[in-house]
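Structural overview for review
If you want the building blocks of each chain, they are given just below.
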Amino acid sequence: MGWAHPYMVSIGSLSLISAVARAISKDEAVAPPLRVVQIEGLAVLKIIKHCKEFAPTLVTGQLLGLDVGSVLEITNCFPFPVRDDDEEIEADGANYQLEMMRCLREVNVDNNTVGWYQSTVLGSYQTVELIETFMNYQENIKRCVCVIYDPSKADLGALALKALKLSDSFMELYRGGNFTGEKLRERNFSWMDIFEEIPIKVSNSALVSAFMTELETDAPVSQGDYDRLHSSTTPFLENNMEFLIKCMDDLSMEQQKFQYYYRNLSRQQAQQQAWLQKRRTENMARKSAGEEPLPEEDPSNPIFKPIPEPSRLESFLITNQVSNFCGQINGVAGQNFSRLYLTKALHDN
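Residues numbered from 1 in each chain as written. Predicted model: local features only at pLDDT ≥ 70, side-chain atom pairs only at ≥ 80, totals over all residues. Heavy atoms only, no water.

Where an unreviewed UniProt entry is consulted, the protein chain appears under the name Eukaryotic translation initiation factor 3 subunit H, with the organism given as Brassica rapa subsp. trilocularis. Looking at the protein chain in UniProt, the text filed under Subcellular location (unreviewed entry) is "Cytoplasm". In the Sequence similarities (unreviewed entry) part of its UniProt record, the protein chain is described as follows: "Belongs to the eIF-3 subunit H family." (UniProt positions renumbered as here; feature names shortened; annotations may be inferred.)

Before going further, it helps to spend a moment on the pairing of strand 2 (residues 60-68). Where strand 2 lies against strand 4 (residues 113-119), five bridges are found, and the strand directions are antiparallel. If you follow threonine 60 over to strand 4, its bridge partner there is glutamine 118. Here eight bridges tie strand 2 to strand 3 (residues 71-79), and the two strands are oriented antiparallel to one another. Its bridge partner lying in strand 3, aspartate 67 is registered against leucine 72. (Pairing = 2+ DSSP bridges. Helix = DSSP H or I, 4+ residues; strand = E, 2+ residues; numbered from the N terminus.)

Right, let's get into helix 9 (residues 234-288). Each α-helix turn comprises 3.6 residues. Residues three or four places apart therefore point the same way. A rise of 1.5 Å per residue sets the reference length of helix 9, with its 55 residues, at 81 Å; its end C-alpha atoms lie 81 Å apart and thus fit the reference within 8%. One or two positions beyond helix 9, positive phi appears at glycine 290, with a value near 75°. (Expected span 1.5 Å × (residues − 1).)

With that settled, the discussion passes to the packing of helix 9 against helix 10 (residues 313-348). For the pair helix 9 and helix 10, interaxial distance at closest approach is 9 Å and the crossing angle is 155°. Relative to helix 10, helix 9 is oriented roughly antiparallel. At the point where helix 9 passes helix 10, the crossing takes the left-handed sense. Residues Phe236, Leu237, Asn240, Met241, Phe243, Leu244, Cys247, Met248, Asp250, Leu251, Glu254 and Phe258 of helix 9 form the contact with helix 10, whose participating residues are Glu314, Ser315, Ile318, Thr319, Gln321, Val322, Phe325, Cys326, Gln328, Ile329 and Val332. (Axes fitted to C-alpha atoms, helices over the stretch in contact; angles between N-to-C directions. Parallel < 35°, antiparallel > 145°, perpendicular 65-115°, else oblique. Left-handed = near helix turned anticlockwise from the far one by under 90°. Contact = heavy atoms within 4.5 Å.)

Close contact between helix 4 (residues 128-138) and helix 5 (residues 168-176) brings their axes to 12 Å; oriented N to C, the two are set at 95°. Relative to helix 5, the element helix 4 is oriented roughly perpendicular. From helix 4, Ile131, Glu132, Met135 and Gln138 reach across to helix 5, where they touch Phe170, Met171, Tyr174 and Arg175.

Looking now at a nonpolar patch on the surface. Together, Val208, Phe211, Met212 and Leu215 give the surface a local cluster of nonpolar side chains, amounting to about 390 Å² of exposed area. Mapped onto the elements, phenylalanine 211 comes out in helix 7 (residues 206-215). (Patch = residues over 30% accessible without salt bridge, like charges linked within 9 Å, V, L, I, M, F, W, Y side chains within 5 Å. Areas by Shrake-Rupley, 256 points an atom, 1.4 Å probe, with all protein chains shown as cover. Salt bridge = Lys/Arg side-chain N within 4 Å of Asp/Glu carboxyl O.)

What follows deals with the packing of aromatic side chains. Applying the stated criterion to the full structure yields twelve aromatic pairs. Each ring, one from phenylalanine 78 and one from phenylalanine 80, has its centre 6.0 Å from the other, and the planes form 65°; the classification is edge-to-face. The cationic tip of arginine 312 hangs over the ring face of phenylalanine 258; the distance from NZ or CZ to the ring centre is 4.5 Å. (Phe/Tyr/Trp six-rings, centres within 6.5 Å; stacked < 30°, edge-to-face > 60°. Lys NZ or Arg CZ within 6 Å of the ring centre and 35° of its normal.)

If you want it as structure tokens, here you go:
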């Protein structure tokens, strides 16, 4: 699928992260598995504000916090500047990130990188670029997450915020660079095993919680409750269907690649069998004449050159996107039916 991220996190900007991560890893025992991502309310508001201001342009930013046992705490974040693909601007972006982290350190704010956040359009984040960014981070930070926010779902009264990480089995496969069907069957690996979603817990200090209690109105319902009752979701469903059709076209193209590969493989095997039959007949004649038989394999012959099997990674990612769009359509359609039945009941009364 062709939803490339507007820019990847610069490798140069990870130099400071690498130094901190190496210092931590020396004293790090076997870490427990990551169970929950705890985000401060202020960081959530910053992410939402940044993503909504630039929507539908895709944006990203740095997540800062602490890795404490099975909990990854995100206490702060800052946005990356929106830029084009240019080397000079990329270098400026790396300097900006390092300068921001230095300034945060000087004012005694958490400046430990624990991942990054990015916006998405209708959940279309399963891309090769996201995996490459994950692997770049994993070289320096063993446990990092990507927080995904979808501004398009906010109109439906939903907080579309999720934390993702790559599964250990997928990272091992990716480092090996082997995504052939045989290898995937050996590992019993499926398209659902690429990403792991970590539960998110939003936390606030006691002072902030008290302040929010003071701000609460006496109204029995809020604006968010009204948004959830909005029954006009046609644009959302139309966009999901449009993206789903594009995904199915891309998946069909991937299947054509494999069909072409298997046709060539069958043709090559037929040529090999014909060559071996001819060689065996020739060797029988040579034996009858008292001559040494010729070898039954000839590596210099092009028909014995193995045909590389296409990687299944792209098709796995597209299948992830298809599943995501189908889930969104199913969820919104089900909620719409519930609203329609509720409206009908109120109208009858």
